[in-house]
Amino acid sequence: MQPKTTERLISLRKNNRRMPRRRMDIPVEKLNYSNPELLARFLTETGKLIPRRVTGLPAWLHRKVTREVKRARAVNLLP
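Quantities reported herein were computed from a predicted structural model and do not represent experimental measurements.

Asks: Looking at this model, I keep getting lost on the overall build of the protein. Mind explaining?
Replies: The helix and strand tally for the protein stands at 4 helices and 0 strands. When the helices and strands of the protein are placed in sequence order, the string is α-α-α-α. Relative to the 2.2 N^0.38 estimate, which gives 12 Å for 79 residues, the radius of gyration of the protein is 17 Å and therefore markedly larger than a compact globule would have. Counting only C-alpha atoms, the protein reaches 55 × 25 × 15 Å along its principal axes. Residue burial in the protein is summarised as follows: out of 79 residues, 27% are buried. Considering only contacts in the protein between residues 6 or more positions apart, those separated by 24 or more positions represent 54%. Roughly 6,500 Å² of accessible area belongs to the protein as shown, and the carbon and sulfur atoms make up 51% of that amount. Charge centroids of the protein, computed over 20 positive and 6 negative side chains, lie 10 Å from each other.

Dropping the structure here:
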């Protein structure tokens with residue numbers, strides 16, 4: 001069964017597309033709360049975390065980044 005309008009068909013294709021596979025060039029050993037320069041790459045200028053669909057990270061690595069950013073904020077290394 002096809003969608004009723006072309007707008008619905010376009011949004012269906014947009015929502016069901018595969019996520020782009022980006023190269024993971026982040027050394028996991030350096031991903032630590034005491035390395036704010038690396039963690040700042042995953043934050044916007046207002047201090048919010050960039051979502052996983054934008055960064056293209058795998059889920060396990062994005063969880064690790066989130067955890068380390070929160071730890072760095074707790075010790076005032078990040079805003």
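Asks: Help me understand the confidence of the model for the protein in this model?
Replies: Atom-level detail of predicted coordinates should not be read off regions where pLDDT is low. In this model, the protein carries a mean pLDDT of 85, and residues with pLDDT of at least 70 account for 92%. Across the protein, element-level confidence peaks in helix α4 (residues 59-74) with a mean pLDDT of 94 and bottoms out in helix α1 (residues 6-15) with 80.

Asks: How should I be thinking about unusual backbone geometry in this particular structure?
Replies: Backbone geometry at N76 places phi at a positive 60 degrees, although glycine is not the residue there. Along the polypeptide, N76 turns up in the segment after α4. The class of N76 is exposed, set by a relative accessible area of 69%.

Asks: Please explain the environment of V65 as it appears in this structure.
Replies: Relative to the elements of secondary structure, V65 occurs in helix α4. C-alpha separation for the pair V65 and T6, spaced 59 residues apart in sequence, amounts to 39 Å. Ignoring sequence-local partners within four residues, the contact set of V65 consists of L31, L39, F42 and L57.

About the thresholds
- Residues numbered from 1 in each chain as written.
- Predicted model: local features only at pLDDT ≥ 70, side-chain atom pairs only at ≥ 80, totals over all residues.
- Heavy atoms only, no water.
- Helix = DSSP H or I, 4+ residues; strand = E, 2+ residues; numbered from the N terminus.
- Rg over C-alpha atoms; globule rule 2.2 N^0.38 Å.
- Buried < 20%, exposed > 50% of the residue type's maximum accessible area, 1.4 Å probe, protein only.
- Contact = heavy atoms within 4.5 Å.
- Areas by Shrake-Rupley, 256 points an atom, 1.4 Å probe, with all protein chains shown as cover.
- Lys, Arg positive; Asp, Glu negative; His and termini not counted.
- Charge placed at Lys NZ, Arg CZ, Asp CG, Glu CD.
- pLDDT = per-residue confidence, 0-100.

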